[in-house]
Amino acid sequence: MFERRPLIAGNWKMNLSIKDAVALIDGIAAGINDIEGVDVLVAPPFTTIASIRKAIGNSKIFLAAQNMHNEMSGAFTGEVSGRMIQEAGCTHVILGHSERRALFHETSQVIDLKVKAAAVLGLIPIVCIGETLEERESGKTFDVIRQQLDESLMNFIVDQLMLPSTILAYEPVWAIGTGKTATPDQAQEVHGFIRNWIEKTFKTGTANQVRILYGGSVKADNIAELMAKPDIDGALVGGASLKAESFVPIIRF
Ligand code: 13P
């Protein structure tokens with residue numbers, strides 16, 4: 001058996017000035033310095049990454065970007081490459097967040113290219129998937145999740161290799177920023193489905209090692225019951241990660 005270390009990740013989205021971001025990281029670092037057994041990660045906006053890297057210092061907080069381009073460099077005005085975020089100090093990158101998919105028209109095919117580029121660079125991708133309310137209500141949740149996995153991880157499937165360090169995040173779109181969390185049973189049902197998909201698709205052992213995070217209105221008062229489920233290995237937290245007072249209690253679940 002492999003042990004999957006819990007991971008609590010904060011996605012700051014398009015929030016916080018450099019000053020506020022640094023204050024937040026200081027607050028998080030102070031709030032977690034006496035605990036072990038849980039990995040902590042933050043994904044700040046690009047412009048704050050270098051300052052956050054410095055502020056993290058020696059405390060054990062992983063740093064992620066919220067997106068990247070799949071090419072290493074070139075004429076892509078307004079874009080940032082994996083190599084650039086790595087140079088700025090990131091070890092992880094969130095890919096395929098539902099806001100990227102819905103608002104910026106990112107397809108699973110593009111996300112697949114980004115996942116591949118991240119893997120080539122040794123950046124750990126946090127690949128997001130999740131169904132909309134309409135899809136859930138019409139009984140299509142598992143079809144949507146399967147298709148997103150098949151397409152967003154196409155290169156891994158072709159290579160018959162999913163690096164066990166890869167992180168997946170199940171974020172039902174209807175639960176993001178709405179205050180409506182999936183019930184622990186609803187989340188576990190999909191997490192179990194995802195783990196089973198990994199088990200069937202990749203070599204034995206991979207499914208036991210890949211961490212699957214839940215995201216969507218995670219708060220201090222619902223984290224423990226989510227984490228009690230066998231296939232929920234952590235959380236990707238949006239709103240509640242923007243204040244140390246709300247994020248630290250989630251980490252300390
Ligand atoms: P909320 O926690 O604000 O619902 O956001 C979840 C999310 O999108 C994390 O990536």
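Numbering of residues begins from 1 in every chain and follows the order in which that chain's sequence is written. Note on the predicted model: pLDDT of at least 70 is required for a residue's local features to be given, and 80 or more for side-chain atom pairs to be given and counted; whole-chain, interface and lining totals, by contrast, use all residues. Note that water and hydrogens are dropped before the side-chain values are worked out from all heavy atoms of the structure.

Some details on the UniProt feature "binding site: substrate" (unreviewed entry) in the protein chain
The line we're drawing: UniProt positions are given in the numbering used here, feature names are shortened, and annotations may be inferred rather than shown by experiment. Whether a set of points on the 1 Å grid over the protein atoms alone is a cavity depends on a 1.4 Å probe fitting there but being unable to get out, while an open set qualifies as a pocket with protein on both sides within 12 Å along at least five of seven lines; lining residues are those with an atom within 4 Å of a point. Helix and strand assignments follow DSSP, with helices taken as H or I runs no shorter than four residues and strands as E runs no shorter than two, numbered in order from the N terminus. The buried label applies to any residue whose accessible area, calculated with a 1.4 Å probe on protein chains only, is under 20% of its type's maximum; exposed applies above 50%, and partly exposed to all values in between.
Here, the residues flagged by UniProt with the feature "binding site: substrate" (unreviewed entry) are Asn11, Trp12, Lys13, Gly177, Ser217, Gly238 and Gly239. Sequence-wise these annotated residues cover 229 residues; spatially they are packed, their C-alpha atoms never more than 14.0 Å apart. Annotated residues from the preceding list that form part of the lining of the largest pocket: these are Asn11 and Lys13. Positionally, Gly177 belongs in the loop between strand S6 (167–170) and helix H9 (184–201). Taking relative accessible area as the criterion, Gly177 reaches 79% and is therefore assigned exposed.

Topic: the site of the ligand
Note the threshold: Whether a residue is near a molecule or strand is decided by its heavy atoms; if any one of them lies within 4 Å of it, the residue is near. Within 3.5 Å is the distance limit for a polar contact, defined as a pair of N or O atoms, with the added protein rule that one can donate a hydrogen and the other accept it, and that residues adjacent in sequence qualify only through two side-chain atoms. To be clear on the numbers: accessible area is Shrake-Rupley with a 1.4 Å probe, and residue cover counts the displayed protein chains and nothing else. Any residue outside Ala, Val, Leu, Ile, Met, Phe, Trp, Tyr, Cys, Pro, Asp, Glu, Lys and Arg is labelled polar, Gly included; the first ten of those are nonpolar and the last four are charged.
Residues in contact with the ligand amount to 13 residues; listed here are only the nearest, Lys13, His97, Gly177, Ser217 and Gly239. Contacts to the ligand include Lys13, whose side-chain N or O atom sits 2.8 Å from an oxygen atom. Here an oxygen atom of the ligand sits 2.6 Å away from a polar atom, N or O, in the main chain of Gly177. Burial of the ligand by the surrounding chains reaches 95%, relative to a free accessible area of 310 Å². Residue classes in the shell around the ligand are distributed as 4 nonpolar, 7 polar and 2 charged.

A look at the packing of aromatic side chains
Condition: Each Phe, Tyr or Trp ring (for Trp, its six-membered ring) is paired with any other whose centre lies within 6.5 Å, and the angle between the two planes then decides the class: stacked below 30 degrees, edge-to-face above 60, tilted in between. Criterion for a charge above a ring: Arg CZ or Lys NZ at most 6 Å from the ring centre, at most 35 degrees from the ring normal.
Applying the stated criterion to the full structure yields 3 aromatic pairs. With centroids separated by 4.8 Å and ring planes inclined at 45°, the aromatic side chains of Phe142 and Phe193 adopt a geometry described as tilted. Of the two residues, Phe142 sits in helix H7 (residues 141–152) while Phe193 sits in helix H9, which places them 51 residues apart along the sequence. The class for Phe142 is partly exposed, based on a relative accessible area of 28%. The buried category is assigned to Phe193, whose relative accessible area is 18%. Cation over ring: Arg100 sits above Phe104, and NZ or CZ is 4.2 Å from the ring centre.

Description of the packing of helix H1 (residues 18–32) against helix H2 (residues 49–56)
The criterion, for reference: The angle between two axes is taken between their N-to-C directions and runs from 0 to 180 degrees, where each axis is a line fitted to C-alpha atoms and a helix contributes only its stretch in contact. Roughly parallel means an angle under 35 degrees; roughly antiparallel, over 145; roughly perpendicular, 65 to 115; everything else is oblique. Two helices that cross are described as forming a left-handed crossing if the nearer one is turned anticlockwise from the farther one by less than a right angle, and a right-handed crossing if clockwise. Contacts: residue pairs with any heavy atoms within 4.5 Å of one another.
At their nearest, the axes of H1 and H2 sit 9 Å apart, and the two run at 30° to each other. Taken together, H1 and H2 sit at an angle that is classed as roughly parallel. For the element pair H1 and H2, the recorded crossing hand is right-handed. Of the residues in H2, those touching H1 at Ile18, Ala21, Val22, Ile25 and Asp26 are Ser51, Ile52, Ala55 and Ile56.

Digging into the layout of surface pockets
We count it as follows: Grid points are joined across faces, edges and corners, and a volume is the space filled by probe spheres set on the points.
Of the voids in this model, the largest pocket is the one considered here, and its volume is about 490 Å³. Lining the largest pocket are 18 residues, and of these Phe46, Gln66, Asn67, Arg100 and Phe104 lie nearest its centre. With 3 residues, the single largest contributor to the lining of the largest pocket is helix H4 (residues 98–103). Of the residues that constitute the lining of the largest pocket, the class distribution is 9 nonpolar, 5 polar and 4 charged. Lining the second largest pocket are 15 residues, with Arg101, Gly130, Glu135, Val144 and Gln148 positioned closest to its centre. Taken together, the elements giving at least two residues each to the lining of the second largest pocket come down to H4 and H7. When its residues are assigned to classes, the lining of the second largest pocket shows 4 nonpolar, 6 polar and 5 charged.

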